[in-house]
Every structure is written in structure tokens, then in C-alpha cells.
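Observations on the model geometry
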Amino acid sequence: MSGHTENEIVIAAPLDLVWDMTNDLENWPQLFSEYAAVEVMERDGERTTFRLTMHPDENGKVWSWVSERTTDRPGRTVRARRVEPGPFQHMDIRWEYTEVPGGTRMHWQQDFAMRPDAPVDDAWMTDNINRNSKVQMALIRDKIEQRDREGRSAAVPAN
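In what follows, the accompanying structure is described. (Residues numbered from 1 in each chain as written. Predicted model: local features only at pLDDT ≥ 70, side-chain atom pairs only at ≥ 80, totals over all residues. Heavy atoms only, no water.)

1. Some remarks on the pairing of strand β5 (residues 77-82)
Strand direction decides the pairing type here: strand β4 (residues 64-72) and β5, joined by 6 bridges, are antiparallel. Looking at β5, one finds that R69 is bridged to A80. Between β4 and β5, which follow one another and run antiparallel, lie 4 residues, and R76 among them has a positive phi close to 55°. Sheet topology note: the β5/strand β6 (residues 88-100) ladder contains 5 bridges and is antiparallel. Following the sheet pairing, R79 is matched in β6 by R94. In sequence, β5 turns back onto β6 through a hairpin of 5 residues, with G86 there showing a positive phi of about 60°. (Pairing = 2+ DSSP bridges. Helix = DSSP H or I, 4+ residues; strand = E, 2+ residues; numbered from the N terminus.)

2. Focus: unusual backbone geometry
Most of the time, phi is negative for any residue but glycine, and the peptide bond is trans. Located in the positive-phi region is R76, a residue other than glycine, with phi close to 55°. Looking at where R76 falls in the secondary structure, it is placed in the loop between β4 and β5. Using a relative accessible area of 30% as the deciding quantity, one classes R76 as partly exposed. (Buried < 20%, exposed > 50% of the residue type's maximum accessible area, 1.4 Å probe, protein only.)

3. Considerations on the pattern of salt bridges
Inspection of every chain in the model, using the stated rule, returns 13 salt bridges. Taking the shortest distance from any N to any O, the salt bridge between E26 and R43 comes out at 2.3 Å. Pair noted here: E26 is in the loop between α1 (15-22) and α2 (28-31) and R43 is in strand β2 (residues 35-44), with a separation of 17 residues, a long-range link. Overall, E26 belongs to the partly exposed group, its relative accessible area being 40%. Note on R43: relative accessible area 48%, which makes it partly exposed. Among the salt bridges present, the one from E96 reaches R94, with a minimum N-O distance of 2.7 Å. (Salt bridge = Lys/Arg side-chain N within 4 Å of Asp/Glu carboxyl O.)

4. Examining the sheet that holds β4
Ordered by their spatial adjacency, 7 strands build an open sheet running β1-β7-β6-β5-β4-β3-β2, and the pairing between neighbours is antiparallel. Since the sheet does not close on itself, it has two edges, and those belong to β1 (3-11) and β2, each with one partner. Strand-to-strand twist in this sheet, taken as the mean axis angle between neighbours without regard to direction, amounts to 20°. The sheet contact formed by strand β3 (residues 47-54) and β4 spans 7 bridges and is antiparallel. Note that in β4 the partner of T49 across the bridge is E68. Against the sheet, α1 touches β1, β4, β5, β6 and β7 (103-114), its axis set at about 155° to β6. (Axes fitted to C-alpha atoms, helices over the stretch in contact; angles between N-to-C directions. Contact = heavy atoms within 4.5 Å.)

5. Notes on helix α3 (residues 122-155)
Across its 34 residues, α3 extends 48 Å between first and last C-alpha, which sits within 8% of the 50 Å expected from 1.5 Å per residue. Among the residues making up α3, those that are buried are D122, M125, T126, I129, S133, Q136, M137, I140, I144, E145 and D148. (Expected span 1.5 Å × (residues − 1).)

6. Notes on the packing of aromatic side chains
All told, the structure shown has 10 aromatic pairs when counted by the stated rule. Aromatic pair W28 and F32: ring centres 5.0 Å apart, planes at 55°, arrangement tilted. Its relative accessible area of 3% is what places F32 among the buried residues. Ring geometry for Y35 and W65: centres 6.5 Å apart, planes at 70°, overall edge-to-face. Within this pair, whereas Y35 is found in strand β2, its partner W65 is found in strand β4, the two being separated by 30 residues in sequence. On the accessibility criterion, Y35 (10% relative accessible area) is buried. (Phe/Tyr/Trp six-rings, centres within 6.5 Å; stacked < 30°, edge-to-face > 60°.)

Everything listed here is a matter of coordinates, which is why it stays silent on function.
Next up, the structure:
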């Protein structure tokens, strides 16, 4: 068995701003509520290898893993995979960005499988990812829309 999730949100902001903010790895701890730290380990063109560390969970456990992320700005897509899969047999992620009336649609797709000895199964993780993706996407939307409003306000000359 394996897990698959798809979640999306429309952000009332230009695609360039959405792209720039969501692909600024070093600022992910300020963009996502779940990440405590990001350590960029290597950059090679559009490919970045980095360590993500989460805030402690309800049991005090800190989860951390290495991922590899490749951006394709002209194609408006990002592909990522866990290099250190931890409890996953594999975790493959695709982000897509589309200009739509009123803003930018950000679509996240995740394909994964849990290890047989993982503390949870594919169905549990699917529900968890779907639930958490909605929370994180809403936070990201709010922060990007706020930045867009601030940028537009700053661009308007005072009378």
C-alpha cells in the first residue's frame, strides 16, 4: 500500500511573490509553523539539499530529516524527495503554481509509503498530511497576502 495526498489553495498575490516566499528555504521556519530550523547543506544549480527540523511533537520528540528539492521556475514546479526517509520507505513531493483570476493557485502532491516498522501506517499518515497541509497552506496564504498588501501600500505615494 502507499499514500497519496493532493491539497491546494489560492493565494491572492502575484505568482512571483508566492514562488519567492515559498521557495526561500532559509525562511521556512517563519513561513511554516511546524519547522524549527532549516540547514542548507548543498546547492547545485536548481537543486538544494537541506535538513529540516520540526518543533518537538506532543511527546517531546524532535523529528529531523534531509531532503533534496529541485525548482523549475519556468515550469512553475518543484520536486522534492526525502534523502533520509526516516519512517517512510519513500516520500516524493511535487508543488505546482498556476496563475488564476485573483492570484496564484499553489498545489501540493505527496506520494509516499510508510516503512512496515513505522509507528503509523499509510492511512494514518495520509490523514495527518491532509489535515496539516490545510493548516500550513492557510498560514502561508495569510503571510504572503499580508506581505503583498504591505508591498502595495509601500508602493503608493502618500498625499
